[in-house]
Amino acid sequence: MASRRRMLLKVIILGDSGVGKTSLMNQYVNKKFSNQYKATIGADFLTKEIQVEDRLFTLQMLILPFLQIWDTAGQERFQSLGVAFYRGADCCVLVYDVNVVKSFDNLNNWREEFLIQASPSDPENFPFVVLGNKIDVDGGNSRVVSEKKAKAWCASKGNIPYFETSAKEGINVEAAFECIAKNALKNEPEEEIYLPDTVDMAGSSRLQSSSSGCEC
Amino acid sequence: MRLREDARSLIFTNLCSMLGTFFLGLGSVYIKSKEAPAKDILKDLVEMCRGIQHPVRGLFLRNYLCQISRDKLPDIGSEYGGDGDSINDAVEFVLQNFTEMNKLWVRMHHQGPIREKEKREKERSELRDLVGKNLHVLSQIDGVDLDMYRDTVLPRALEQVVNCKDDLAQHYLMDCIIQVFPDEYHLQTLETLLGACPQLQPNVDIKMVLSQLMDRLSNYAASSTEVLPEFLQVGAFAKLSNAIGKVIDSQPEMPVFGSITLYVSLLTFTLRVHPDRLDYVDQVLAACVKKLSCLPRIEDKKATKQIVALLSAPIEKYNDIDTALKLSNYPRVMDHLDNATNKVMAVVIIQSIMKNNTYISTSDKVDALFELIKGLIRDMEDTDDEELDEDDFKEEQNSVARLIHMLYNDDPEEMLKIIYAVRKHILLGGHKRLVFTVPPLVFSALKLVRRLHCQEGDVIGEDVPATPKKIFQLLHQTVEALSVVPSPELALRLYLQCAEAANDCDLEPVAYAFFTQAFVLYEEEVADSKAQVTAIHLIIGTLQRMNIFGVENRDTLTHKATGYSAKLLKKPDQCRAVYACSHLFWVDDQDGIKDGERVLLCLKRALRIANAAQQMANVTRGSSGPVTLFVEILNKYIYFFEKGNPQITSSAIQGLIELIMTEMQSDNSLSEPSMDAFFSSTLRYIQFQKQKGGVMGEKYEPVKV
Ligand SMILES: Nc1nc2c(ncn2[C@@H]2O[C@H](COP(=O)(O)OP(=O)(O)OP(=O)(O)O)[C@@H](O)[C@H]2O)c(=O)[nH]1
Ligand SMILES: [Mg+2]
């Protein structure tokens, strides 16, 4: 095993505060859910070993905050930090809360944010996945964004796959991430990052790529 | 040059992090491999970082340290530790890292040239999450339970926040603490958290911090009813209210907008957590009044917007103005609004009433409500008439008109009181408003009259205050008030409405009096010829429906009405009004009047006028006008013919048809397609009746078409 090389699939998770990004990730990776709301500060990540089509991968999931550093000039120093987070992303997951209309309206901004920060070589075909979370709340009675409306938006942005999830009940979480991983895999990575198995440095790969990114 | 330096610093930062990666990566391997106690390695790592004093580099390095060690922290249940000690170690480790990072971050503020201060603060602000991350990590450690949070984490974190004496750091970190730790913890440590607020630097935006906290707790309260007892148990309202009072008192320079924002948050909190405690809501409003009363009338747009938010919150919550009317401080807050905003608020209140279909059911409530919305009801002092937009005014007054229909009680006594109350208020409103407010009041009163009439029998007796007679007196005076506007046409319509209602209540003298009023207005005030035409048709229509008049009264009124008709300015108008009068003498009821002779007189008179009109057209235009009037009269003939008026004969109809045909064929007649169509369909109708046979067919038999 020690000599096996695993490929890293990097997934960026974006969405308004409180929509359940951390909860989805925790449900997927640790099968745990908590009602307590502890906001995430800055970037956050988790990794999971997965198997797709008989191959092993390390799925790295990054939750990123909104970087507001594009409005003024002279911010190159920290810009590099932002770009580093996004570099090499294979898939971008946009999350909203079906009970909060604003979080749905903001999907567009999040998508733009991703395209600007990550500037993928083929933005038209870059894989996105949209998750409408918290479908369990109040038995669906407090929902304000309909499935139809969400699907229409996804269709208008190049047929983005759409899932309705509940991190709390674990509904559709597995299926959604399976789709996310498959789509990430489809996005043929430009450079494959191999990690030695013995040193678990999942967390460090980010800064590693940040330094390599600045050498040019 | 600056750029170069930046670039160099960037490269160095990256070098550092590469180095860090190496060492820390090594460190994490050690922790994982359990070869050395986790605690020692962590300590070493922190020590190692001490060497780096350049703030930005240090921050990145320590942030990295914080990240990398996160999932390797000795933690309860984890494989690297598990006893209480190691949790303490982990917490200690992150707290230390937090303290050091914050120091580095604050130091950035003091380095470099003064002139770049602004830019530097901006950069600094962008690095804030590196520091905040530590708090996030603390919140993620499972072992940090409420006790640990209350006894160690919160006091230590607050100590650093307060002691660093840096505006940016204090605001940001307070916010972080509020956001990263769960609501249950905040509730149980409210005093500690709130206690730190007055110790912050004077420039820190405490209202934002407190608003965030209250908004968060409000959301928590709204999330489930099960959590509400927690709020009660800790007395959250009193603590928050107290803290806000202290903050406002200790910061006299805080703009009004700021203090009101705080009250808005507290009110939102109260409404969500204690919806049943109106006294709390009133307390918040009272505190706001107290603050506002030390200040001159608010001009600041942002502040007024907040006051509107403050006042709208209870209405939205209770969906019921009744509840807001119980809040004694509600109108007192409104008094502090400028006139324009006062009106906006009044409209919000009315909209809420309409939307929720709330009936305002007592005269006391009506008084309270009109006091609240007085900005719409009467002219306020120091209003500039110039600034009043005509359309806005109409819109406002229309909403008041709609509101009047929502002032209602099933009990006639109370309803009458309500009507008196409304009347009192709207009569103060000045002549511009009366045209909007009098009609709905009149109709509201007429509704009551009809209701009383229907249930007559239960309530008879002279001492009953709510009698139709009494209400009619009130109506009389109310409509009369329109004379100051003046708006004779509107008043005339309303008098006629009253007359009809009096008719339905079998009050002949009252009905007669209203007609007299309408006629007086017609004679003395309605001058415009078009308005006269409209008025005369209204008069005829109403009079036709009256059935209580004795012969004498009726004759007087119909005589007047026909007289007016014949005196209209234009011949066609005269003609139409006169033939309409024919209906006054033939009411198609069982015991309605049926005076065939006078019907015929009217129709003949109408014919004469039509003839005269035709001749006049010949003189002025050289051609006769269209035969419209004749065809219209023909239709009247047909109507009365079918109704069995013996005076209307088939030969008269025949004669009229021939007359029209001759007119149409004459050289100088003006042909008009719609006219031809009207005439030919009239003829077709006769044809149809003939063919149908039966009694009617026989009647038509002699008519040749
Ligand atoms: N009922 C329900 N609650 C959920 C669900 N997902 C998340 N939550 C709750 O929503 C709150 C916010 O969830 P988080 O996962 O922290 O949201 P986030 O997107 O990470 O928020 P930030 O870190 O502030 O950006 C928490 O109280 C969760 O318990 C869900 O599917 N159903
Ligand atoms: Mg989160």
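Residues numbered from 1 in each chain as written. Chains lettered and ligands numbered in written order. Predicted model: local features only at pLDDT ≥ 70, side-chain atom pairs only at ≥ 80, totals over all residues. Heavy atoms only, no water.

Asks: How should the overall build of chain B be read in this particular structure?
Replies: Counting its secondary structure elements, chain B contains 35 helices and 0 strands. A burial count over chain B gives 51% of its 705 residues as buried. Across chain B, every contact between residues at least 6 apart in sequence was considered, and the portion connecting residues at least 24 apart equals 71%. About 32700 Å² of surface is accessible on chain B, with carbon and sulfur atoms providing 52% of the total. (Helix = DSSP H or I, 4+ residues; strand = E, 2+ residues; numbered from the N terminus. Buried < 20%, exposed > 50% of the residue type's maximum accessible area, 1.4 Å probe, protein only. Contact = heavy atoms within 4.5 Å. Areas by Shrake-Rupley, 256 points an atom, 1.4 Å probe, with all protein chains shown as cover.)

Asks: Would you take a moment to explain the coordination of the magnesium ion (ligand 2) for this structure?
Replies: The reference angle at a metal is 109.5 degrees if four donors form a tetrahedron and 90 or 180 degrees if six donors form an octahedron. All names here are of chain A. Distances from the magnesium ion (ligand 2) to its protein donors, namely Thr22 (OG1) and Thr40 (OG1), fall within the range 1.9 to 2.0 Å. Of this pair, threonine 22 sits in helix α1 (residues 21-30) while threonine 40 sits in the loop between α1 and β2 (44-52), and the two are 18 residues apart along the sequence. Overall, the relative accessible area of 25% leaves threonine 40 in the partly exposed class. (Donors = N, O, S within 2.8 Å, 3.2 Å for Na, K, Ca; no water.)

Asks: Can you walk me through the domain arrangement of chain B in this structure?
Replies: How big an interface is tends to be expressed through the accessible area that disappears when the partners come together. All names here are of chain B. Examined at the domain level, chain B breaks down into domain 1 (1-181), domain 2 (207-217 + 230-337) and domain 3 (357-526). For the domain 1 and domain 2 pair, buried surface summed over both sides reaches about 540 Å², with 60% attributable to carbon and sulfur atoms. If you sort the residues of domain 1 by the area they bury against domain 2, His171, Ile178 and Gln179 come out on top, with a joint share of 70%. In this assembly, domain 1 and domain 2 are joined by 0 salt bridges. (Domains from an automatic or database assignment. Buried area = accessible area lost by both parts, 1.4 Å probe. Salt bridge = Lys/Arg side-chain N within 4 Å of Asp/Glu carboxyl O.)

Asks: What's the story with the site of ligand 1 in this structure? I'm lost.
Replies: Residue and element names in this part refer to chain A. Not every one of the 22 residues close to ligand 1 is listed here, only the nearest: Lys21, Thr22, Ser23, Tyr37 and Asp136. The contact in question runs from an oxygen atom of ligand 1 to an N or O atom on the side chain of lysine 21, over 2.7 Å. Between an oxygen atom of ligand 1 and a main-chain N or O atom of serine 34, the distance comes to 2.7 Å. Relative to its unbound accessible surface of 650 Å², ligand 1 loses 91% to contact with the protein. In terms of residue count, α1 provides more of the shell around ligand 1 than any other element does, 3 residues in total. For the shell around ligand 1, the residue count by class is 6 nonpolar, 11 polar and 5 charged. (Near = heavy atom within 4 Å. Polar contact = N/O pair within 3.5 Å; in protein donor to acceptor, adjacent residues only side chain to side chain. Nonpolar A, V, L, I, M, F, W, Y, C, P; charged D, E, K, R; others polar.)

Asks: Even after reading the chapter, I still don't get the nonpolar core, so can you show me in this structure?
Replies: For soluble globular proteins, nonpolar side chains are generally found buried alongside one another. Counting 221 residues, the largest nonpolar core has Tyr330, Ile349 and Phe472 of chain B as its most contacted members. Element by element, the count of residues in this core is highest for helix α4 (residues 84-110) of chain B, at 11 residues. Filtering out sequence-adjacent residues up to four positions away, isoleucine 349 of chain B remains in contact with Ile315, Ile321, Tyr330, Met334, Leu369, Leu372 and Ile373 of chain B. In terms of nonpolar packing, the next biggest core, distinct from the first, is built from 31 residues, Leu46, Ile50, Val129 and Ala167 of chain A among them. (Core = buried A, V, L, I, M, F, W, Y, C linked by side-chain atoms within 4.5 Å.)

Asks: How should I be thinking about the packing of aromatic side chains in this particular structure?
Replies: Centre-to-centre distance and the angle between the planes together describe a pair of aromatic rings. Considering all chains together, one arrives at 26 aromatic pairs over all chains under this definition. For the pair phenylalanine 231 of chain B and phenylalanine 269 of chain B, a centre-to-centre distance of 5.8 Å together with 50 degrees between the ring planes defines the contact as tilted. Highlighted residues: phenylalanine 231 of chain B in helix α12 (residues 228-234) and phenylalanine 269 of chain B in helix α14 (residues 256-273), separated in sequence by 38 residues. Judged by relative accessible area, phenylalanine 269 of chain B falls into the buried class, the value being 0%. Its end group placed over the ring of tyrosine 28 of chain A, lysine 48 of chain A keeps NZ or CZ at 4.9 Å from the ring centre. When the ring centre of tryptophan 105 of chain B is taken as reference, the NZ or CZ atom of arginine 124 of chain B above it lies at 4.9 Å. (Phe/Tyr/Trp six-rings, centres within 6.5 Å; stacked < 30°, edge-to-face > 60°. Lys NZ or Arg CZ within 6 Å of the ring centre and 35° of its normal.)

Asks: Is there a simple way to think about unusual backbone geometry in this case?
Replies: Apart from glycine, the bulk of residues carry a negative phi angle, and the bulk of peptide bonds sit in the trans form. The omega torsion across valine 485 of chain B and proline 486 of chain B is -15 degrees, close enough to zero to call that bond cis. Here proline 486 of chain B shows up in the loop between α25 (468-480) and α26 (488-504). With phi around 50 degrees, glutamate 53 of chain A is a residue other than glycine that occupies positive phi space. Backbone geometry places aspartate 54 of chain A, a non-glycine residue, at a positive phi of 70 degrees. Its place among the elements puts aspartate 54 of chain A in the loop between β2 and β3 (55-63). When its relative accessible area of 69% is taken as the criterion, aspartate 54 of chain A is described as exposed.

Asks: Would you explain the confidence of the model for chain B in this entry?
Replies: All names here are of chain B. Put simply, chain B has an average pLDDT of 85, and 86% of its residues get 70 or more. Counted against residues more than four places away or in other chains, residues 1-31, with its pLDDT under 50, gives 45 contacts. Low pLDDT, under 50, characterises residues 75-81; the stretch is placed with 16 contacts to residues that sit more than four places away or in other chains. In the predicted complex, the global pTM is 0.70; the interface-specific ipTM is 0.79. (pLDDT = per-residue confidence, 0-100.)

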